[in-house]
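# Observations on the three-dimensional arrangement
Spelled out from the first residue to the last, the chains are:
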Amino acid sequence: GILRGRMMANKFLDRVREYFDQDKTVRMVAEDVELTAELILLIRMMFADGRLAKRELVNFKKICYTAFNIPEEDVVDVIAYLKETGYETTAEEAAAMFQGLDVGRRRGLLLHRLSIARSDDDLHTDELGLLRSTAKALGMTAEDLAKLHN
C-alpha cells in the first residue's frame, strides 16, 4: 500500500533528478563557448580516421570527466547537444576561439586531441593533419607539437 506508493514516488523523483542533472551538464557546456569548441574539436578527432574506435570513445569520456567534470553518464547527451548545435562549426572556427587563451589551455587542447588520436594505437595521417592545423590555428609551431608528441 503506502510503502509501495512511496517507493514508486521515490523512483520517479530519482528519474526526474537524473534527467535534470543531465540537463544541467548540457547547460554547463552550452554556456561555456571554449568548452563547447574544445569538445567539438575532440569529437572531430575521434572521427578523423573515418571510424570510431571504442578506445577513442572511452578516452573521450575519461577526458570529459577528468578535465571538464562531465559525468560519464552525461557524455551521450553532451555529444547529442554538440551534434545538434556544432555541426556547422568548422575546426578552424572552433580552434580560433582558443587564440586569446593562455598557452597552458591551448597546449591542453592539443594534448587532449593527441591523446584521442593515439587511443587506437594508430596515429592516422588525417589525425596528424588535424593536429597540425589545430596547432597552427592556435599559434603554436611544429616544434611545440613535436614536444607534445614525444
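Located above this text is the structure these notes cover.
Basis of the calculations
Residues numbered from 1 in each chain as written. Predicted model: local features only at pLDDT ≥ 70, side-chain atom pairs only at ≥ 80, totals over all residues. Heavy atoms only, no water. 1 Å grid on protein atoms, 1.4 Å probe; cavity = no way out; pocket = protein on both sides within 12 Å on 5 of 7 lines; lining within 4 Å. Points joined across faces, edges and corners; volume = space filled by probe spheres on them. Helix = DSSP H or I, 4+ residues; strand = E, 2+ residues; numbered from the N terminus. Nonpolar A, V, L, I, M, F, W, Y, C, P; charged D, E, K, R; others polar. Salt bridge = Lys/Arg side-chain N within 4 Å of Asp/Glu carboxyl O. Buried < 20%, exposed > 50% of the residue type's maximum accessible area, 1.4 Å probe, protein only.

### Observations concerning the layout of surface pockets
Estimates place the volume of the largest pocket at around 210 Å³. If you go around the largest pocket, you meet 12 residues; those closest to its centre are Ile 43, Arg 44, Ile 79, Leu 82 and Lys 83. Going through the elements one at a time, helix H2 (33–46) and helix H4 (75–86) are the ones with two or more residues in the lining of the largest pocket. Considered class by class, the residues forming the lining of the largest pocket number 9 nonpolar, 1 polar and 2 charged.

### Some details on the pattern of salt bridges
For the structure on display, the rule yields 5 salt bridges. Arg 27 is the salt-bridge partner of Asp 23, the closest N and O atoms lying 2.8 Å from each other. Of this pair, Asp 23 and Arg 27 both sit in helix H1 (residues 2–30), 4 residues apart, which is roughly one turn of the helix. A relative accessible area of 30% places Asp 23 in the partly exposed class. The residue Arg 55 makes a salt bridge to Asp 121 at a minimum N-O spacing of 2.7 Å. Remark: Asp 121 occurs in the loop between helix H6 (103–118) and helix H7 (125–137) and Arg 55 occurs in helix H3 (residues 54–68); sequence separation between them is 66 residues. Given a relative accessible area of 46%, Arg 55 falls into the partly exposed group. Asp 121 gets classed as exposed once you look at its relative accessible area, which sits at 65%. Taken together, the salt bridges that share partners define one network made up of Asp 49, Arg 51 and Asp 120.

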